[in-house]
Amino acid sequence: MTPPDALLSVRDLRVRFTTRHGPVDAVRGVSLAVEAGRCLAVVGESGSGKSVTARALIGLAGSNATVDATTMTFEGRSLLSLGERRWRRLRGARIGFVLQDALTSLDPLRRIEDEVAEPLDVHADLGRRERAERVRSLLGDVGIPDPAQRARQYPHELSGGLRQRALIASAIAAGPSLVVADEPTTALDVTIQAQVLDLLADMRDAGTAVLLISHDLTVVARMADHVAVMYAGLVVEEGPAAQVLHEPVHPYTRALLAAAPTLDPRGPAPTQIARLAPPTTGPGCPYRSRCALADARCHGELPALRATGDGPSLARCWHADAAEPLPTPAPRTVGTTTSGRRVVLEVDGVSKRFRVPGGGRRRAVDGVSFSLRAGEALGLVGESGSGKSTIAQIALGMLGPDDGRVLLDGASWSELREPDRRPHRSRIQLIQQDPLSSFDPRFTVERIIGEGLGQPSRRGAAAHRSRVVELLHRVGLDATILDRRGPQLSGGQRQRVAIARALGPEPEILVCDEPVSALDVSIQAQILDLFDTLRRDLGVALLFISHDLGVINRMCERVLVMKDGAIVEEGPVGDVLHTPRHAYTRELLAAVSADPATGRTPVRTGPTSVPEGRPT
Amino acid sequence: MVTTRWWLRRAGLGVLVIWGAATLSFIGLHLLSGDPARIIAGGGGAVSGSSEQILARINEQYGFHEPLIVQYGRFLGQLARGDLGMSYQLNQRVTTVIVDQLGPTVALALGAAVLGFGLALVLAVGTAGRPRAESLFSTLELLFVSTPSFWVGILLLTVFSFRLGWFPVFGNEGVASLVLPWLTLALPITGTLALVMRDGLQRALEQPFATTVLARGATATRLRLRHALRHALLPVLTLSGWTLGTLLGGVVVIETVFARAGIGQVAVTAVNGRDLPVVTGVVLVATVVFVVINTALDALTRVVDPRLRGVPE
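No experiment lies behind these values; they were computed from the predicted model shown.

## Details of the packing of helix H17 (residues 491–503) of chain A against helix H18 (residues 521–538) of chain A
All names here are of chain A.
And step 1. Two elements in contact, H17 and H18, have axes whose closest approach is 10 Å; the angle formed by their N-to-C orientations is 15°. Regarding the angle of H17 to H18, the classification is roughly parallel. Seen along the crossing, H17 lies across H18 with a hand that is right-handed. Facing H17, whose interface residues are Gly-491, Gly-492, Gln-495, Arg-496 and Ile-499, H18 presents Ile-523, Gln-526, Ile-527 and Leu-530.

Quick look at the structure:
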């Protein structure tokens with residue numbers, strides 16, 4: 001597949017880590033090629049080896065890694081057995097590297113100008129004035145308004161989008177011919193995400209090769225010319241972006257595409273990753289433990305990456321030619337009407353102001369009213385800083401509103417004194433974005449969940465434990481993890497444990513604050529399924545906060561769109577997402593409308609030089 | 001703006017701490033020590049009848065017969081002018097006694113601080129992220145921290161002065177006489193700071209920005225010195241306030257072990273002789289040093305970490 005004019009070409013890349021528990025093969029024979037002015041996307045879930053691949057390509061796989069390949073050439077020279085000094089001459093100068101989350105990827109103690117200019121300091125010997133000029137023009141190039149002033153600031157003084165732009169400016173400072181971007185937009189709001197992707201697309205159009213690493217198919221659909229899907233250290237499918245995203249052949253790619261929450265008006269697609277299992281080791285196809293098509297041959301022999309039926313795509317699957325339809329579970333029924341049911345949570349004209357550093361007050365929430373009915377899933381969507389989480393805190397009674405009030409089941413809630421409220425706290429529970437940091441790291445799973453059940457009496461200990469196990473079963477886990485601690489669980493398991501903990505006191509309402517934002521799409525789909533099941537079986541109402549419209553579409557009947565502390569639009573999900581009335585809703589939709597099924601969007605969300613506000 | 005307010009606030013706090021220390025010393029001086037006139041007259045034991053006149057004269061001269069509140073007011077007034085009163089025993093002004101002995105002590109403490117910090121820097125930067133060197137040196141540093149300094153001092157004296165004769169056994173004669181005391185004082189500082197600094201470096205090197213820096217083509221050394229070290233300095237600065245405080249206490253022991261003149265000796269003599277104005281003076285000097293050092297370190301922390309600057313505390 002290597003085109004003769006490839007800028008970067010790798011054949012049979014293998015990366016092995018030596019760990020205390022023996023060797024781990026993170027990358028097991030990956031071949032890639034990137035041409036100038038093109039974008040290759042490597043897609044996969046965490047642990048698929050995509051980031052390790054990216055790091056191996058700049059010689060930073062780590063000191064405990066062994067990197068091997070049959071060929072690995074960049075700009076016509078071999079990268080194999082390159083000494084550290086030669087590597088350094090390439091890094092930053094010929095290959096730029098952009099990491100996820102610029103807040104931690106830029107040195108927080110150094111000025112933006114010093115961070116951006118570092119590749120120049122290392123590779124070019126510029127005079128003071130020349131260096132300052134270069135930094136200003138770079139910041140201007142990536143669409144940062146008022147570059148001279150921004151250059152003197154520190155990373156924490158810039159908004160997330162500006163920070164990511166600064167990080168990109170630093171990656172391209174020395175004029176590299178290849179930019180490797182590892183999850184460059186994952187930590188950003190959708191509208192900012194779109195702007196950053198447009199910036200990368202502009203660079204590609206200007207002739208830079210882009211290697212994009214992402215777990216997010218929406219991002220890939222917007223940007224990539226060519227896509228390689230990785231699973232368990234192997235490329236399982238690759239080909240032109242349109243082909244892979246429209247006519248996926250490998251069951252994993254198909255499942256990934258189905259799992260991605262979309263804005264499809266026909267409603268949410270059923271989840272196709274039926275079982276969650278770690279990649280299988282040993283001979284045979286690593287996906288077999290999760291694959292609905294797996295048969296004896298899949299267990300015995302690893303399929304080769306080979307051409308599929310009619311297209312230029314390659315897939316690593318015994319069943320690729322057959323293209324059998326995946327068995328699909330029955331479609332989920334959304335829209336069971338809840339309009340006649342009783343209101344369990346009523347938020348009435350609530351406002352909240354916060355003091356800001358340097359004096360003054362900022363309205364975080366401004367006259368918000370809504371009601372949540374029993375068994376309903378109400379979505380609350382908006383960007384960071386829009387006041388979503390403040391609403392969650394107020395609904396939970398953790399924060400008192402300045403104006404307005406909250407009623408729980410028709411009785412006063414926000415106006416109660418804490419001792420009067422405490423007996424009722426069990427009725428409304430919280431599920432957070434990052435479950436791990438909401439667990440005491442010294443607590444076992446049993447204790448984490450058991451805490452919400454009250455102190456067991458000595459005689460009740462067995463009943464207590466069986467209740468914990470029952471809750472674990474309810475969220476799709478079993479008793480084998482009772483003695484584990486938070487850090488020993490996978491991301492999906494952690495969120496399940498957090499949900500089990502919230503269910504312990506038998507609440508009527510679950511407040512879910514970005515509960516799936518930190519998860520891979522396939523895991524995300526399973527957690528969303530779990531929420532559905534819980535709602536159906538237990539009749540629990542969900543206040544579902546997310547910045548992701550696809551997730552809201554998948555989960556909720558009604559949605560509230562929040563901007564700057566106020567609700568700008570509300571209504572049934574179908575109406576709001578497909579006939580949005582407010583300009584802001586349209587802007588949010590445009591930013592995500594490049595969904596994997598429809599390909600790249602022609603809509604650009606405003607010029608790339610839109611000045612962004614300071615973080616709030 | 002925020003910075004000016006910060007400085008004003010810190011200066012106010014500093015004055016408050018010094019005033020507190022002065023008041024506590026005054027209370028100690030007058031409530032806990034018996035009759036100061038007898039101490040001045042000598043011995044503090046039984047005084048014969050003819051000496052009653054002397055005592056009366058002393059009371060008159062020092063104003064001990066006046067009400068405490070008046071004495072307190074006068075004490076603060078003198079203090080504001082930088083006057084710490086007369087020593088009971090040395091027949092000198094306390095300020096003179098202290099200023100005369102300050103030089104050797106400052107040379108000792110400052111040298112030890114610089115040496116301690118420098119050694120810690122070399123140890124931490126050199127070994128962070130290198131597992132073997134790290135476990136070896138952190139054990140060594142733990143040893144430095146946990147060995148009492150008088151014992152280290154005696155060991156060093158035995159080896160380098162008595163056996164090898166490289167350095168003088170005691171005295172205040174030039175740099176040669178300072179080397180062993182410096183080393184003795186510096187080792188526990190080195191131990192503490194190196195452990196904290198290495199930990200800070202380690203954490204910084206694990207941050208995502210470390211990968212970014214390497215991906216720009218920077219050398220590992222540049223990453224350590226230009227990036228990680230600044231991060232590691234933050235906890236070190238916080239700890240240094242405490243470390244330098246213990247240095248003041250350490251000086252007393254070291255000056256005794258090495259028989260050096262200095263504030264430590266002055267303090268020991270004054271405490272033994274119940275020469276309370278001198279004790280008060282030493283306490284106040286120590287307080288001032290402590291306040292100044294800690295304010296300076298906090299200011300330095302704000303220089304190192306820009307994220308703290310916008311926050312008015």
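Read on for the rest.
## Focus on helix H7 (residues 160–171) of chain A
All names here are of chain A.
And step 1. When the terminal C-alpha atoms of H7 are compared, their 17 Å separation across twelve residues agrees well with the 16 Å that a helix rising 1.5 Å per residue should span.
And step 2. Counting buried residues in H7 gives twelve out of twelve residues, a clear majority hidden from the surface.
And step 3. Inspection of H7 places Gly-160, Gly-161, Leu-162, Arg-163, Gln-164, Arg-165, Ala-166, Leu-167, Ile-168, Ala-169, Ser-170 and Ala-171 among the buried residues, and these make up the whole buried set.

## Things to note about the domain arrangement of chain B
Residues and elements named next belong to chain B.
And step 1. Domain assignment breaks chain B into domain 1 (2–80) and domain 2 (94–308).
And step 2. Taken together, the contacts link twelve residues of domain 1 with ten residues of domain 2.
And step 3. Only helix H1 (2–31) and helix H2 (36–41) provide two or more residues apiece to the side of domain 1 that touches domain 2.
And step 4. Take the side of domain 1 that touches domain 2: its biggest share by element is eight residues, from H1.
And step 5. Its residues assigned to classes, the side of domain 1 that touches domain 2 shows seven nonpolar, four polar and one charged.

## Brief notes about the confidence of the model for chain B
Residues and elements named next belong to chain B.
And step 1. Per-residue confidence for chain B averages 83 on the pLDDT scale, and 91% of its residues sit at or above 70.
And step 2. The least confident element of chain B is H2, whose mean pLDDT is 66; the most confident is helix H9 (residues 208–215), at 91.
And step 3. Overall fold confidence (pTM) sits at 0.76, and the ipTM for the predicted complex is 0.77.

## Some remarks on the interface of chain A and chain B
And step 1. Of the residues lining the interface, 24 residues belong to chain A; the matching set on chain B comes to 21 residues.
And step 2. At the level of secondary structure, the elements contributing two or more residues to the side of chain A that touches chain B comprise helix H2 (84–90), helix H3 (102–105) and helix H4 (112–123) of chain A.
And step 3. Looking at the side of chain A that touches chain B element by element, the count peaks at four residues for H4 of chain A.
And step 4. Considered class by class, the residues forming the side of chain A that touches chain B number twelve nonpolar, six polar and six charged.

## Overview of the sheet that holds strand E8 (residues 178–182) of chain A
All names here are of chain A.
And step 1. One open sheet accounts for eight strands, arranged E7-E8-E9-E3-E10-E11-E13-E12; its pairing is mixed. The two strands at the open ends of the sheet, each matched to only one other strand, are strand E7 (95–98) and strand E12 (306–307).
And step 2. With four bridges connecting them, E7 and E8 associate as parallel partners. Along E8, the bridge assignment pairs Gly-96 with Val-179.
And step 3. Contacts from H7 reach E7 and E8, with the element oriented near 165° to E7.

## Focus: the packing of H9 of chain B against helix H10 (residues 220–257) of chain B
Residue and element names in this part refer to chain B.
And step 1. At a minimum axis distance of 11 Å, the contact between H9 and H10 shows a crossing angle of 140°. Relative to H10, H9 is oriented oblique. The chirality of how H9 crosses H10 is right-handed. Residues Phe-209, Ala-210, Val-213 and Leu-214 of H9 form the contact with H10, whose own contacting residues are Leu-223, His-227 and Ala-228.

## A short note on the UniProt feature "transmembrane region" (unreviewed entry) in chain B
All names here are of chain B.
And step 1. UniProt records the feature "transmembrane region" (unreviewed entry) for residues 12–32, 106–128, 140–162, 174–196, 232–258 and 278–300 in the present numbering.
And step 2. In this annotation, residues 106–128 is assigned 96% helix and 0% strand; the end-to-end C-alpha distance for the span is 32 Å.
And step 3. As a span, residues 232–258 carries 96% helix and 0% strand, and end to end its C-alpha atoms are 34 Å apart.

## Topic: the environment of Gly-207 of chain A
And step 1. Mapped onto the fold, Gly-207 of chain A is located in the loop between helix H8 (190–205) and strand E9 (209–214).
And step 2. When the C-alpha positions of Gly-207 of chain A and Gly-37 of chain A are compared, they lie 3.9 Å apart, and in sequence the two are 170 residues distant.

## Side note on the nonpolar core
Taken as a class, soluble globular proteins show a tendency for nonpolar side chains to be buried jointly.
And step 1. Ranked by internal contacts, the top residues of the largest apolar core, which has 246 residues, are Leu-543 and Phe-544 of chain A.
And step 2. Considering every element that reaches this core, the biggest residue donor is helix H8 (residues 176–206) of chain B, with 16 residues.
And step 3. Discounting residues that sit within four places of it in the chain, Phe-544 of chain A has contacts with Ala-377, Leu-378, Gly-379, Leu-380, Cys-512, Ile-552, Met-555 and Cys-556 of chain A.

## Digging into the environment of Trp-166 of chain B
Residues and elements named next belong to chain B.
And step 1. Topologically, Trp-166 is positioned in the loop between helix H7 (149–163) and H8.
And step 2. Residue classification places Trp-166 among the exposed residues on the basis of 11 C-beta atoms within 10 Å.
And step 3. Once the C-alpha coordinates of Trp-166 and Ala-176 are considered, the two residues, ten residues apart in sequence, prove to be 8.5 Å apart.

## Description of the pairing of strand E16 (residues 377–381) of chain A
Residue and element names in this part refer to chain A.
And step 1. E16 sits mainly inside the fold: five of its five residues count as buried.
And step 2. Burial of the side chains of E16 extends over both faces: Ala-377, Gly-379 and Val-381 are buried on one face and Leu-378 and Leu-380 on the other.
And step 3. Across four bridges, E16 lies against strand E22 (residues 558–563) in parallel orientation. Considered in E22, the bridge of Gly-379 is made with Val-559.

## What to know about the pairing of E22 of chain A
Put simply, side chains in a regular strand alternate between the two faces of the sheet.
Residues and elements named next belong to chain A.
And step 1. Among the six residues of E22, six are classified as buried, and the element is accordingly described as predominantly covered.
And step 2. Because side chains alternate across E22, one face comprises the buried residues Arg-558, Leu-560 and Met-562, and the other comprises Val-559, Val-561 and Lys-563, equally buried.
And step 3. Note that E22 and strand E23 (residues 566–572) share six bridges and pair antiparallel. Bridge assignment links Leu-560 to a residue of E23, and that residue is Glu-570.
And step 4. Linking E22 back to E23 in an antiparallel pair, the connection comprises two residues, with Asp-564 at a positive phi of about 50°.

About the thresholds
Residues numbered from 1 in each chain as written. Chains lettered and ligands numbered in written order. Predicted model: local features only at pLDDT ≥ 70, side-chain atom pairs only at ≥ 80, totals over all residues. Axes fitted to C-alpha atoms, helices over the stretch in contact; angles between N-to-C directions. Helix = DSSP H or I, 4+ residues; strand = E, 2+ residues; numbered from the N terminus. Parallel < 35°, antiparallel > 145°, perpendicular 65-115°, else oblique. Left-handed = near helix turned anticlockwise from the far one by under 90°. Contact = placed C-beta atoms within 7 Å. Expected span 1.5 Å × (residues − 1). Buried ≥ 20, exposed ≤ 12 C-beta atoms within 10 Å, placed from the backbone. Domains from an automatic or database assignment. Nonpolar A, V, L, I, M, F, W, Y, C, P; charged D, E, K, R; others polar. pLDDT = per-residue confidence, 0-100. Pairing = 2+ DSSP bridges. UniProt positions renumbered as here; feature names shortened; annotations may be inferred. Core = buried A, V, L, I, M, F, W, Y, C linked by C-beta atoms within 7 Å.

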